[in-house]
Amino acid sequence: MSVKTEGSSNYEYVTARVRARRAKLFGDDDYRKLVRMGPGEIARFMEETEYETEMNALGARHSGVDLVEYALNRNLAKHFEDLLRWSEGSLYGYIARYLRKFDAWNVKTVIRGIYTESDRSDIEDDLIRTGEFSERLLDRLVDASSIEEAIELLDTTIFGGPLEDAYSDFERDGVLVPLENAVDRAFYGHLLDDLPSAEPDSPTALVREFLEAEIDFRNLRNGLRIARSGADIDPAAYFIDGGRLFDPEELRQLASNDEELVARIREGPYGDDLDVALEELEDADSLIQFEHALDAALLEYSGKLSNRYPLSVCPVLSYILAKEREVENIRAVARGREAGLSVEEIEEELVIQ
């Protein structure tokens, strides 16, 4: 057991630090400025924000959108490592468990890099160095010469077995979907490991409630993508246990019917907390808009939990989601401007709470 997981948790200290960090996240005015800038202007703007350190450190090796993206990844890792550094007791354990999502990110980054024959340095720069993987394992993954070798290196992690099982589908179809789904299911499938039932409003109960919501929304996203892909795949085959919203059979039935899906969410445990987000879901007329509305719904729900339980793990996990979303928004703006998209097209890609 890690020394940091022993003893009492320091919720008051960590949540105060998190409130200060959250106050520095980009707001509507920042995004309104960004979407009207060119790639070079975006980079200069970023140098005047809290991303300054990362922009300056990477500026000699990269420029333009690449510089922005790599700076975003490094800054994200720094902030989340700070959370682990500040935290003690069970709070540290809860945060460490949740930050495994970046182990999943890094596994998918390596697999995609090998698949597309990307340069080693590009794969390495795309990693987000937080989570449970050691630096040594990350370096060995980046050096892997094949997807099969990378999977072998992961054999002692939660991702090894699922990736081995999915490898034959990858070989047969030549696409990464089976491997990427295996990574996601491994992460989300282990979110609730060894997390006991607990009294309502206790720290453990709040962690469970937050993680169950994330599993529910991941199931929604996977089900929608599969239903609209045209592939002969049963959405229930990718169902992740642990949520509260529906079972595999319900997912199969609802994935192709947006109206019934929104009605089910409204009737479920999140309905009272998602008034704004559910209106956006009802108005969505494409898969991308629907997915963005789901992201907004999860952000809204996490914010409600944070306000309801201000001295708990909820504000910390909610901040992690919000910081991730800021990074995704900035990345979408930079890529969109580089691709010559209009302001309106880029704004449609943003999820702002």
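Residues numbered from 1 in each chain as written. Predicted model: local features only at pLDDT ≥ 70, side-chain atom pairs only at ≥ 80, totals over all residues. Heavy atoms only, no water.

A word on a nonpolar patch on the surface
There is a patch of nonpolar side chains on the surface, built from Tyr115, Val175 and Val177 and spanning about 240 Å² of accessible area. Here Tyr115 lies in helix H7 (residues 101–115). The partly exposed category is assigned to Tyr115, whose relative accessible area is 39%. (Patch = residues over 30% accessible without salt bridge, like charges linked within 9 Å, V, L, I, M, F, W, Y side chains within 5 Å. Areas by Shrake-Rupley, 256 points an atom, 1.4 Å probe, with all protein chains shown as cover. Salt bridge = Lys/Arg side-chain N within 4 Å of Asp/Glu carboxyl O. Helix = DSSP H or I, 4+ residues; strand = E, 2+ residues; numbered from the N terminus. Buried < 20%, exposed > 50% of the residue type's maximum accessible area, 1.4 Å probe, protein only.)

Structural notes on empty space enclosed by the protein
Under the definition given, this model contains one cavity of 30 Å³ or more. What the largest cavity holds in volume is close to 50 Å³. Taken together, Arg21, Lys24, Leu25, Glu50, His79, Tyr319, Lys323 and Glu326 make up the full set of residues lining the largest cavity. Within the lining of the largest cavity, the residues separate by chemical class into two nonpolar, one polar and five charged. (1 Å grid on protein atoms, 1.4 Å probe; cavity = no way out; pocket = protein on both sides within 12 Å on 5 of 7 lines; lining within 4 Å. Points joined across faces, edges and corners; volume = space filled by probe spheres on them. Nonpolar A, V, L, I, M, F, W, Y, C, P; charged D, E, K, R; others polar.)

Points about the side chain of Thr109
Structurally, the position occupied by Thr109 is in helix H7. In this structure, Thr109 is in contact with Ile123, Asp126 and Leu127, ignoring residues within four places of it in sequence. (Contact = heavy atoms within 4.5 Å.)

Digging into the pattern of salt bridges
Side chains that carry opposite charge are capable of pairing whenever their charged atoms lie near each other. A full pass over the atoms with the stated rule returns 30 salt bridges. Between Lys101 and Glu214 there is a salt bridge; the shortest N-O distance is 3.3 Å. Remark: Glu214 occurs in helix H13 (residues 203–229) and Lys101 occurs in helix H7; sequence separation between them is 113 residues. We note that Lys101, like Glu214, is buried. Residue Arg264 is joined to Glu250 by a salt bridge in which the shortest nitrogen-to-oxygen separation is 3.6 Å. You can see Arg264 sitting in helix H15 (residues 258–267) and its partner Glu250 sitting in helix H14 (residues 248–254), a full 14 residues away along the chain. Taking the relative accessible area as the measure of exposure, Glu250 reaches 26% and is therefore partly exposed. Sharing partners across several salt bridges, the network here consists of Arg120, Glu124, Arg129, Glu135, Asp139 and Asp143.

Some thoughts on the environment of Ala297
Examined against the element boundaries, Ala297 turns out to sit in helix H17 (residues 287–308). Sequence spacing of Ala297 and Tyr270 is 27 residues, and the spatial spacing of their C-alpha atoms is 9.2 Å.

Here we look at the packing of aromatic side chains
Overall, the coordinates contain nine aromatic pairs when judged by the stated rule. Ring centres 5.9 Å apart and planes at 85° place the aromatic pair Tyr98 and Phe210 in the edge-to-face group. Highlighted residues: Tyr98 in helix H6 (residues 89–98) and Phe210 in helix H13, separated in sequence by 112 residues. Here Tyr98 and Phe210 have matching classes, each one buried. Aromatic side chains Phe133 and Phe159 sit 6.0 Å apart centroid to centroid with 90° between the ring planes, which places their arrangement in the edge-to-face category. With Phe133 in the loop between helix H8 (120–126) and helix H9 (135–143) and Phe159 in the loop between helix H10 (147–153) and helix H11 (160–173), the pair connects residues that are 26 residues apart, well separated along the chain. (Phe/Tyr/Trp six-rings, centres within 6.5 Å; stacked < 30°, edge-to-face > 60°.)

Brief notes about the confidence of the model for the chain
In the predicted model, the chain carries a mean pLDDT of 88, and the fraction of residues at 70 or more is 96%. The spread of mean pLDDT over the elements of the chain runs between helix H16 (residues 275–283), the lowest at 73, and H10, the highest at 97. (pLDDT = per-residue confidence, 0-100.)

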